[in-house]
Each structure stands twice: as structure tokens, then as C-alpha cells.
Amino acid sequence: LAASTPPRCERTGEAGASSPGSLLGATAFGGPGRQVGPRMPSLPRPVQPPVQDEATADSYEIPVPIEVGNAKEDEDEKEDELTDEGMSLEASTWEVVMLVNVMTLLKGERVRVLNRCQTFVAFLLFVLTVVFQVTFVMAVEITMASSSIDDATIKGVMEQRLSMNHKWSNLNLRDLTTRTKDLCDGYVLNTLGGIYASVDSYVEPDQVIEGTGIRIGGRIIVCIAIVIWICTMTTELRRIFELGLAVASLSGRPKGEVHAEKEDDSLVIKRAGVFYKSLILFCVLLPRLIIAAVLLYSGCRYLANTLEVSNMILNCCALEIVKSIDEYLFEALMSRRLSGIIQSTRYVYYSVHERTTRGQINEAVPTAVRILFIAGVLTYTIAVPLQSFSDDTRSFKEWACTHDLDFAWINHPLVGLPWFTSVSKSLRNTSAPTDAEYLQCFYKAHTLLLETRMGTEINRLTGLPVLANTSLKNFVRGKSSDCDSDSTHPSAYNCPNVPVGRMLSLEAMSSSDILEDQSLCGDYEPYLGVLAEACQDDEHASSVFKKDTGDLRTTCAEFAYLCECEINKKGNEVCSLENYTEVVKKYNVPFVWIQRLIKAPLGDLATDPGGSPTTTAASPLGGPERRRSGGREASRRLIGSRPGS
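Figured I'd write up the structure that's included with this text. What you see as residue numbers is a count from 1 along each chain, following the sequence as written. Note on the predicted model: pLDDT of at least 70 is required for a residue's local features to be given, and 80 or more for side-chain atom pairs to be given and counted; whole-chain, interface and lining totals, by contrast, use all residues. Side-chain measures here rest on the full set of heavy atoms in the structure, leaving out hydrogens and waters.

### A word on the pattern of salt bridges
A side-chain nitrogen of Lys or Arg and a carboxyl oxygen of Asp or Glu constitute a salt bridge if their distance falls within 4 Å. Applying the stated criterion across every chain yields a total of 17 salt bridges. Here Lys270 makes a salt bridge to Glu263, at a shortest N to O gap of 2.9 Å. A relative accessible area of 28% places Glu263 in the partly exposed class. When the shortest N-O distance is used, the salt bridge between Glu331 and Arg336 registers 3.2 Å. Relative accessibility decides the category of a residue: with a 1.4 Å probe and only protein chains considered, values under 20% of the type maximum give buried, values over 50% give exposed, and everything between is partly exposed. Judged by its relative accessible area of 38%, Glu331 falls in the partly exposed class.

### Brief notes about the pairing of strand 5 (residues 258–263)
It is a general feature of regular strands that their side chains alternate between the two faces of the sheet. If DSSP finds at least two bridges between two strands, the strands pair. Only DSSP runs of H or I covering at least 4 residues are called helices, and only runs of E covering at least 2 are called strands; the numbering of each starts at the N terminus. In this structure, strand 1 (residues 102–106) lies alongside strand 5, joined through two bridges in parallel fashion. In the strand pairing of strand 5, Met103 is matched with His259. Direction of pairing for strand 5 relative to strand 6 (residues 266–271): antiparallel, over a ladder of five bridges. Across the sheet, the residue bridging to Glu263 is Ser266, located in strand 6. Between strand 5 and strand 6, which follow one another and run antiparallel, lie two residues, and Asp264 among them has a positive phi close to 55 degrees.

### Structural notes on a nonpolar patch on the surface
A cluster of nonpolar side chains, Phe120, Leu124, Val127, Leu128, Val131, Phe132 and Phe136, forms an exposed patch at the surface whose accessible area comes to about 620 Å². Its location among the elements puts Phe120 in helix 4 (residues 116–144). Every patch collects residues that have over 30% relative accessible area and no salt bridge, joining them within 9 Å if they carry like charges and within 5 Å if they are nonpolar side chains (Val, Leu, Ile, Met, Phe, Trp, Tyr). Throughout, the Shrake-Rupley method with a 1.4 Å probe supplies accessible areas, and for residues the shown protein chains are the sole cover considered.

### A look at the packing of aromatic side chains
Within 6.5 Å between ring centres, the rings of Phe, Tyr and Trp (the latter by its six-membered ring) count as paired, and their orientation is classed by plane angle as stacked under 30 degrees, edge-to-face over 60, tilted in between. Evaluation of the coordinates by the stated rule reveals eight aromatic pairs. Where Phe442 meets Trp593, the ring centres are 6.1 Å apart and the plane angle is 75 degrees; that geometry is what we call edge-to-face. Residue Phe442 is found in helix 15 (residues 440–454), and its partner Trp593 is found in helix 23 (residues 591–599); the two are separated by 151 residues along the sequence. Grouping residues by exposure puts Phe442 and Trp593 together as buried. Seen in terms of ring centroids, Phe545 and Phe559 are 5.8 Å apart; in terms of plane orientation they differ by 75 degrees. Their pairing is edge-to-face. With a gap of 14 residues between them, Phe545 in helix 20 (residues 542–545) and Phe559 in the loop between helix 20 and helix 21 (566–570) connect regions that are remote in the sequence. These aromatic residues form a ring-pair network of at least three members: Phe442, Tyr443, Phe545, Phe559 and Trp593.

### Considerations on the state of the cysteines
Put simply, a disulfide is two cysteine sulfurs that come within 2.5 Å. Summed over the entire model, instances satisfying the criterion amount to two disulfides. Each sulfur in the disulfide pair Cys184 and Cys401 lies 1.8 Å from the other. Taking the sign of the S-S torsion, about -100 degrees here, the bridge from Cys184 to Cys401 comes out left-handed. With Cys184 in helix 6 (residues 179–184) and Cys401 in helix 13 (residues 364–401), this pair connects stretches of sequence that are 217 residues apart. For Cys401, a relative accessible area of 11% translates into the label buried. One disulfide bridge connects Cys441 with Cys535, the sulfur atoms lying 2.1 Å from each other.

### Regarding the pairing of strand 8 (residues 407–411)
Both strand 8 and strand 9 (residues 418–422) contribute to a ladder of five bridges, which runs antiparallel. Across the sheet, the residue bridging to Ile410 is Trp419, located in strand 9.

Have a look at this one:
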């Protein structure tokens, strides 16, 4: 500015020299400080570096100006680092009660944050939350967290297996399997079958991730669910501890009131009395801490004792509902305005591990503590309740479906103690077929009739093709004209579809009663047709029903060759193999089939609901002979009794 100013003031010194670049100089009279000519306004002096010699010129550094804006941002960042970011209150019944008796300034007046009505509702919801959560936690701990597979369950499955599932009368004669074998193969649909299916899937998973070969079992799903639950409850516990530290760190007189200052759009609680802090710590946060800790423990046990994956999802949802009852109650009953006030309220809280040397909060220690806490709870859950439940499931499976599955027993009629037999061909001492194997297609025909009557076109149980004879199929299903109630057809008496009253009378009759009743006795040839179709490809019974030409024997007259024996010539009352030795050798017909057909075609050979024969001339596996009253008369009858039989 001085160099560009046109007027020039000269200062006359003692040496008579002038100093250019200066607006103020000596007076015209030679005296210092006197200005010559009119007075000039003072101008700011330019900022110039100090005059230096060549020796110090190189070392001169221009100072860097301080930016005021950056300093302000550093202070704000430092403030953010020192303030705990999680200390804003949440909309829940646990935390709304923390605003009771909190004061603030509104238009210059001191008012309470919560009015009387809101205070009353807050206390009511707080009490309901405590009652509900305590009730559900006790229910989870007492009834739901216990194992569904315990010693009583294992003892029960042992009792049922030994007393019922291996009993001879419960043998599946169609497939020659015990009920235990059917249970282990998944063919028994009852409570025990459902439990075993769940146990088997839990112990030996069958769900495979495509392309990886990794099997997803119950234990893996349980462990994942437990980890998620532990993390969820760790978040809850962390918030409780941080709220407690925030409340405890508030400053104020022992009996001072709780004051919230308004900053921007939020309320900040900076000071509180000892009474308020004690009330919040011991009456609000301590019960919340106890409930959360017990819920964490009970929830881990509850999930560890879950058997099915589908129930696992439901159990996780149930635990989350119990944990979040406080939020649901608040959202259901409190206003949106109050929710906004609570969420905009926070505590001034500085972490106990405030700053490092550079003023940053050190998060390594609390993070490590939380990781160790989660790892410790997970390790305990896997090592104690989950391992115990896994041992129980393996023990259940061992007692239900291991060891010998193919033995059957009866009580010896004289000794009264169990006698055993094996229904598995691989476990028998002889390779010769047993009577049960000879008659296996007979019991398949029994099931084939039931499947046909049901109307199915796929025989899943027997694996046999659908009846090829349409007339026979309609006869079994009750759609034949011969089954009319007023039909005079000769075979109407043996129609398998009868009124309810006649069904009750038939159930009470024995085979001898039917043979003596002229209205019921006759040639049951439709059943012979079903037997022929069921047994035509059986390796042990095909010779009974197939002719040399390949056609099937389906009428009683075609079985007349079975009458060529001594019992029919001499009228003996004893039916034994010796009477039919020639027939057995000549026609290659098993003796057990001769007994079946001659006693009465199926009339005396029906099975009871358990699948075992009610009347047999001999046990299918060589047991003692069993007869009903009148059985001797039935054994002397030929096939049918009507003319032309």
C-alpha cells in the first residue's frame, strides 16, 4: 500500500536522508514525530518478514496459520469419542420408568418430562413386564427346558420292545418282520414311531447339502440357534450394564433432583441425586439383569434339549417373544409422542476406559470380554446340557433299534417262560423254508384285499399288481350285482360286503358254525381267485395255484387232487403229514397249504387285527397245533359243501 501511494512524505533526519515506504516521518522542522503538510489517515502496516542477513535468511520459516474451523471439528470429534453412543433410551417399559420425576425447562418453567397419567401407565406397564417375564422364564425353566428324552422314556421304550414288539402274536406275517423291525424301518406311525424318527434324524442326519456331501443334523442346527440366542442376550446384558454405569456416573447432590437439559432436539440428563440413582439401579436395572441372566441360561437349555428342527424355529421365536415383551407392551399402549421423547433422551456418560494417549477410546478390552463371555456360555451349553441330551438320544436309539431285531417269543404252555424263534432266514440253522415263508403270500393276499377294497390302484404294502380280474375287483369293492341284498345268485352268500348287523353276527361265529349254517357254507371261489393272483409268482406257493399249462387254479373243483389222501379215505380225525405224503411228493405242494385249503378256504384262516392267525393247524414256524372248538369237524370238510364242489 505504501509503495503504491502517490503522495510522498519526506522525513528530514539529521543526515538529511529520507526513508521511502513510510507514511509517518519527521516534521518539516527537523523534529522527530512532526508531520509536514496535512494529516494523513493511518493505514494498516503491511505484514513483512523481519529483515535478516544472508546467514539467517535460509532458516526462516513462514508460520502455518491455524484454521479455526478444523479446531472446532476436532473438539466435536473428541466429544463424540468420549460420549457412549448407546446411551440413548429405547422405547420399552423397562426404560420409560427411568424418566419418572425427571425435570426439564419448558418456556422458562420447570416441568416434568412425564405427566401424572404417563407416570401411572409407565409404572403399570413396568409391573406387567416383570410379572410376564418372570412367569414365562419360570415356565421355560421348570417345564420346557427339561429333556424330552430322559430315563423314564428310555425305560418305557425298553418295556414296549420286549413285552410287545417281539411277541409272536404281533409278528408281521406278510413280511415276516417283528414290530421292532417295522419301527426301525419307519413303518410304525404312532408316538413311539414319531419319537424314533426324530431321534434317528438327530443322531444320524440324512439331510445332505447338494454337491458337498455335508450332512446337516440336529446338533448343527441346535448349535447355530444357541450361538444366535447367546449373542441376542449378550446385547441385552451389555445394555443393562452400560445403562447402570451411565446412571451411576451422573453427578449431583445426594438429594438433588434429576434434571434434563435440552440440547438441539434431544434431552440430556447430566445430574441426578443419590436417591434417584439407587432407585434405578436396584429397582429397575437389577431385576432386569436377573431376568436376562436366567432367560439366557434357560433358553440355552431349552434349545439344547430340542429334538426336531421344526420345533427349534418355534422355540427360538418363543424365546424372542419373552425377551421383547417390554417393547411389545410399550408399542401397544404408549403414544408415538412419548416414544419420540424417550428415544431422544440420553445420558451424559463417559466410558471408564476413556482415552488412549491420542484421545481415542480403546475398544479392544470390552470387545475381548464380550467374545470371551459368548465363548464361555457356548462351551458350557455344548459340554453340559447338549452333550447330556445327545447321550440320551443315542441311548434311546440303542434300546429301540439295535441288537437282535428278528426274534419272536411265546410263553411255553408248560414252563410258562419265554421260548424263542428267529424269523430272519440268515439267522436260522436250516436253509429249508419255514411254514411262515410258505404262507407269506397268503398274508399278502390278506393285505391285497384291504388295498383293493380301499380303492387304490397302487398296492404299496404288498408290492403286488392290482387285481387283473375286473369282475373280481368289483366283487371285492361291493360294486358287483351279486352283492345286492336281495340277490338270488348262488354266490351271494359269500359276498364280502354285508350290512352292519350281519358283520356283528359273523364276528361272533366260528368256522364250524359257518360250515354248519347252510346259508353261509359254500365255495368261496372269489377268495381263491385273489389267492391265485397273489401267489402266482411266489417261489414257495406258485406250485399250489399254477397248473402245468401256466393257467391259475381259481375254483374249488381244481383243487380236488388234494383230497387223494388217507384222511379222506378212512375218515381219520387226525390231520398229519403222513396222511398227505403221497400228495406232497406227487404235486410238490407244501403240507401247510393243504391244511389251509382243506380245513375251509380261508374261513378258518382269517387273521386277527395284529396280523397273526387266529386258528392254524400248526404254528407257521413249527409251533404247537391250535384249534377252535369245532375245528375237527372243519378239518374233515372238503372244499365247499354244495353240489358240484
